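The residues making up each chain are set out below.
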Amino acid sequence: MKRIVLKGAALAALLATGALAEEPKLIINGEIELPTRVPAPSHMDAIDEITSGWVYRTKETQALQMDDFDNPGMIFVDVGQELFETAEGDAGKACADCHESAEEFAGLKASMPRVNEEGELESMPDVINECRTERMQADAWKWSGPEMSAMTALISLQSRGMPVDVAIDGAAAPFWEQGKEIYYTRYGQLDLACANCHENNYGMMIRADHLSQGQINGFPNYRLKNAKINTVHGRFKGCMKNIRAQPFAEGGDEFKALELYVASRGNGLPVESPSVRN
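**Focus on the overall build of the chain**
A count of helices and strands for the chain gives eleven helices and eleven strands. For the chain, the C-alpha radius of gyration of 19 Å lies close to 19 Å, the compact-globule estimate for 278 residues. Along the first, second and third principal axes, the C-alpha atoms of the chain reach 70 × 40 × 35 Å. Taken over 278 residues, the chain has a buried fraction of 46%. If you take every contact in the chain between residues at least 6 apart in sequence, the share linking residues at least 24 apart comes to 68%. By element, 52% of the accessible surface of the chain is carried by carbon and sulfur atoms, the whole surface being about 14300 Å². For the chain, the distance from the average site of its 27 positive side-chain charges to the average site of its 41 negative ones is 10 Å.

Right, dumping it as structure tokens:
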């Protein structure tokens, strides 16, 4: 069995209290319904069903994501739109000079990270910074800086509702294996791996937080904790600090490989960006 299920008295107690009542549905703006539970990808051995992090949040936090007017992450999407239209660099160009609208990037978030023509694993900030340095002749943005976070929020929004579908075979296979190894390796003074929290104990409480499966289909996301848009690598860095480990570099090979592996664990879940989390 992949997970122990509740039986007997425990199940009866939950039924009596209504704890197993039908879950709320993630319906955005009253019209865009996003599934929060789908069958796990075939490469996952320990889990039958994958679930959105939205499921583990409070009703109040869930409600914020269900209305774009209430979703504080949309403020940063607006910032990203302004940046999209602003000319920078020696070439005097804006993103909008080459791309008619951000809608051209529909589907990009769902396929990232990916292996490029040079055989390198690239994430969305890599793509953005290549355009900035090569085409705009502008300075690269910091990986998790405010400009990059806003632009990735804008671009990721264009894929909302599309199923995550990152490639893990062919040229991507060695990067995926590297990410998998990192996911199951224990780090830090607390001697913990990603899997200890997000595979073995999801659904449990750790201090005041409800552990999720660690899905990243909603990134970049708005966190109530720090009142800003957060990137995937920024979250990885925070997790490593929490277990008292020396984090890998944001934008480095290790975190990009980990991003690929974690994204693949969410293959089939819809993109939710920008989601709202604690």
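**A closer look at the sheet that holds strand 10 (residues 228-230)**
Spatially, 10-9-11 is the arrangement adopted by the three strands of the open sheet, whose pairing is mixed. The open sheet has two edge strands, strand 10 and strand 11 (276-277), and neither has a second partner. In the sheet, strand 9 (residues 221-223) pairs with strand 11 via two bridges, with the strands oriented parallel. By the bridge assignment for strand 11, Tyr 222 is matched with Val 276.

**Some details on the side chain of Ser 156**
Looking at the secondary structure, you find Ser 156 in helix 7 (residues 146-157). Polar side-chain contacts of Ser 156 include one of 2.7 Å to the backbone oxygen of Thr 152. The residues contacting Ser 156, other than those within four sequence positions of it, are Lys 109, Met 124, Phe 219, Pro 220, Val 271 and Ser 273.

**Looking at the environment of Gln 62**
As for its position among the elements, Gln 62 is in helix 2 (residues 59-65). The spacing of Gln 62 and Asn 278 is 216 residues in sequence and 10.0 Å in space, taken between C-alpha atoms. One polar contact links the side chain of Gln 62 to the main-chain carbonyl oxygen of Trp 54, over a distance of 2.9 Å.

**Some thoughts on the state of the cysteines**
Inspection of every chain in the model, using the stated rule, returns zero disulfides. Sulfur of Cys 131: no disulfide; nearest cysteine sulfur belongs to Cys 95 and is 7.1 Å away. In this structure Cys 131 comes out as partly exposed when scored by relative accessible area, which is 24%. Looking at Cys 197, it has no disulfide partner, and the nearest cysteine sulfur is the one in Cys 239, 7.6 Å off.

**Notes on the pattern of salt bridges**
In this structure the tally under the stated criterion is ten salt bridges. Ionic pairing is found between Arg 57 and Asp 209, a salt bridge with its closest N-O pair at 3.1 Å. Separated by 152 residues along the polypeptide, Arg 57 in the loop between strand 4 (49-51) and helix 2 and Asp 209 in strand 8 (residues 209-210) bring together distant segments of the chain. With a shortest N-O distance of 3.0 Å, Asp 68 and Arg 160 are connected by a salt bridge. Here Asp 68 is found in the loop between helix 2 and helix 3 (73-84), whereas its partner Arg 160 is found in the loop between helix 7 and helix 8 (173-184), with 92 residues between them in sequence.

**A closer look at a negative patch on the surface**
There is a patch of like negative charges on the surface, built from Glu 117, Glu 118, Glu 120, Glu 130 and Glu 134. Along the chain, Glu 120 turns up in the loop between strand 5 (114-115) and strand 6 (121-122).

**Focus: the side chain of Asn 196**
Position of Asn 196 relative to the elements: it lies in helix 9 (residues 194-198). With relative accessibility at 14%, the residue Asn 196 sits in the buried group. A distance of 2.7 Å separates a polar atom in the side chain of Asn 196 from the backbone nitrogen of Ala 193.

**Considering the environment of Gln 178**
Tracing the chain through its elements places Gln 178 in helix 8. Sequence separation between Gln 178 and Asn 116 is 62 residues; the distance between their C-alpha atoms is 17 Å. Not counting residues up to four positions away in its chain, the partners in contact with Gln 178 are Asp 253, Glu 254 and Ala 257.

**Points about the confidence of the model for the chain**
Low pLDDT marks regions whose predicted coordinates should not be analysed in detail. Looking at the chain, the pLDDT average stands at 93 and 92% of residues meet or exceed 70. Confidence over residues 1-20 falls short of pLDDT 50; this stretch has 14 contacts with residues more than four positions distant or in other chains.

**Here's the deal with the packing of aromatic side chains**
Counting across every chain of the model gives eight aromatic pairs. Residues Phe 236 and Phe 255 carry aromatic rings whose centres are separated by 5.5 Å and whose planes lie at 55 degrees to one another, so their mutual orientation is tilted. Of this pair, Phe 236 sits in helix 10 (residues 232-242) while Phe 255 is found in helix 11 (residues 253-264), placing the two residues 19 residues apart along the sequence. Linked through ring pairs, Trp 176, Tyr 183, Tyr 184 and Tyr 261 together constitute an aromatic cluster.

Procedures and definitions
Residues numbered from 1 in each chain as written. Predicted model: local features only at pLDDT ≥ 70, side-chain atom pairs only at ≥ 80, totals over all residues. Heavy atoms only, no water. Helix = DSSP H or I, 4+ residues; strand = E, 2+ residues; numbered from the N terminus. Rg over C-alpha atoms; globule rule 2.2 N^0.38 Å. Buried < 20%, exposed > 50% of the residue type's maximum accessible area, 1.4 Å probe, protein only. Contact = heavy atoms within 4.5 Å. Areas by Shrake-Rupley, 256 points an atom, 1.4 Å probe, with all protein chains shown as cover. Lys, Arg positive; Asp, Glu negative; His and termini not counted. Charge placed at Lys NZ, Arg CZ, Asp CG, Glu CD. Pairing = 2+ DSSP bridges. Polar contact = N/O pair within 3.5 Å; in protein donor to acceptor, adjacent residues only side chain to side chain. Disulfide = S-S within 2.5 Å. Salt bridge = Lys/Arg side-chain N within 4 Å of Asp/Glu carboxyl O. Patch = residues over 30% accessible without salt bridge, like charges linked within 9 Å, V, L, I, M, F, W, Y side chains within 5 Å. pLDDT = per-residue confidence, 0-100. Phe/Tyr/Trp six-rings, centres within 6.5 Å; stacked < 30°, edge-to-face > 60°.

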